[in-house]
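What the coordinates show
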Amino acid sequence: MRARCARFYLSGMTDITNTTQQASPQSGGWVRIFALLYDPFLWLSEIAGMRSRRSALVSNARGRVVEIGAGTGLNVAHYPDGLTELVLTEPDAAMRQKLVRRLQRHKRAAQIVAAPAECLPLPDASVDTVVSTLVLCTVTDAERTLSEIARVLRPDGQLLFIEHVRASSRFLAKCQDYLFEPWRRFACGCCCNRPTVELMRACGFEVVADEFIWRGMPTIVHPLVVGRASR
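For clarity, every value in this text was computed on a predicted model and none was experimentally measured.

Let's shift gears to the packing of aromatic side chains. For the structure on display, the rule yields six aromatic pairs. When the ring of W30 is compared with that of F34, the centres are 6.1 Å apart and the planes differ by 50°; the resulting orientation is tilted. Taken together, the positions of W30 and F34, both in helix α1 (residues 29–58) and four residues apart, correspond to about one turn of that helix. Aromatic pair W183 and F186: ring centres 5.5 Å apart, planes at 50°, arrangement tilted. Here W183 and its partner F186 are both found in helix α5 (residues 180–186), three residues apart, which amounts to about one turn of the helix. Classification of F186 as partly exposed rests on a relative accessible area of 30%. Through pairs of rings, three or more aromatic residues link up here, namely W30, F34, Y38, F41, W183 and F186. When the ring centre of F212 is taken as origin, the NZ or CZ atom of R53, which lies over that ring, is 3.8 Å away.

Here it is as structure tokens:
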């Protein structure tokens, strides 16, 4: 059964939707602290190339767009004008507060949906573009999330993504395995060794992706992929 929604409005600009089925990877004080530290923690990596990668990626968004795990809204400034609709999903309340402020700062109209990526309160085949940046590593159930993305995408829809993945280097992959648990606890559920591209393909997506290094970040999350997937 799909979650029922109750809607709230903020300054006539941002439509915030709360669902009755919400989930967050973790709860407690650290999640709130992490939301405050998130942008400063990524600052160096953003100026070292991630910001331009985000811009190039989301400039290809079209039609009705859904961004899963929108976080503090680092992609917001880069969306093109003329979208049919922009829907930003984010299950964590502390992140949503920062997301709302960023939307206001950029005067961007969007609907914020307080729902996990594993349970999107959207009709089947209703979305043209799904955007995921540094999210599929963090969701509790990656396969279910990818199934939800496939469900809501129209037949000609696209998934645009930037994700860090399991390293191809055996040594670095072992480091990811060894540091998996402390990193997961620090980064609120992030799985640094998740083979995301392989999971996409196993879930029926056709994937075109390039690899690059996430500069300005700890080595265990250096391996990144950027690309497009379709059903």
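Moving on, we get to the layout of surface pockets. Unoccupied space between atoms shows up once a probe the size of one water molecule is rolled over them. Roughly 300 Å³ of internal volume is contained in the second largest pocket. Lining the second largest pocket are 17 residues; nearest its centre among them are V165, R166, S168, E211 and V225. For the lining of the second largest pocket, the secondary-structure elements that each account for two or more residues are α6 (196–202), β8 (206–213) and β9 (223–230). With four residues, α6 is the largest single contributor of residues to the lining of the second largest pocket. Partitioning the lining of the second largest pocket into residue classes produces 10 nonpolar, three polar and four charged.

Per-residue pLDDT for the protein averages 90, and the proportion of residues at 70 or more is 88%. Scored below 50 in pLDDT, residues 18–27 makes 34 contacts in the model with residues more than four places away or belonging to other chains.

Within strand β6 (residues 127–133), seven of the seven residues are buried, which leaves the element mostly enclosed by the surrounding structure. Here strand β3 (residues 64–67) pairs with β6 via three bridges, running parallel. By the bridge assignment, E67 is partnered in β6 with V131. Relative to strand β7 (residues 153–164), β6 runs parallel, the two being bridged by six bridges.

Next up on the list: the pattern of salt bridges. Here the idea is simple: oppositely charged side chains can pair when their charged atoms come close. All chains considered together, the criterion is met by 10 salt bridges. For D128, the salt bridge identified is with R154, shortest N-O distance 2.8 Å. Note that D128 is positioned in strand β6 and R154 in strand β7, a separation of 26 residues in sequence. Residue classification places R154 among the partly exposed positions, given a relative accessible area of 28%. The network of salt bridges with shared partners includes D39, K98 and R102.

Each value, and the rule that gives it
- Residues numbered from 1 in each chain as written.
- Predicted model: local features only at pLDDT ≥ 70, side-chain atom pairs only at ≥ 80, totals over all residues.
- Heavy atoms only, no water.
- Phe/Tyr/Trp six-rings, centres within 6.5 Å; stacked < 30°, edge-to-face > 60°.
- Helix = DSSP H or I, 4+ residues; strand = E, 2+ residues; numbered from the N terminus.
- Buried < 20%, exposed > 50% of the residue type's maximum accessible area, 1.4 Å probe, protein only.
- Lys NZ or Arg CZ within 6 Å of the ring centre and 35° of its normal.
- 1 Å grid on protein atoms, 1.4 Å probe; cavity = no way out; pocket = protein on both sides within 12 Å on 5 of 7 lines; lining within 4 Å.
- Points joined across faces, edges and corners; volume = space filled by probe spheres on them.
- Nonpolar A, V, L, I, M, F, W, Y, C, P; charged D, E, K, R; others polar.
- pLDDT = per-residue confidence, 0-100.
- Contact = heavy atoms within 4.5 Å.
- Pairing = 2+ DSSP bridges.
- Salt bridge = Lys/Arg side-chain N within 4 Å of Asp/Glu carboxyl O.

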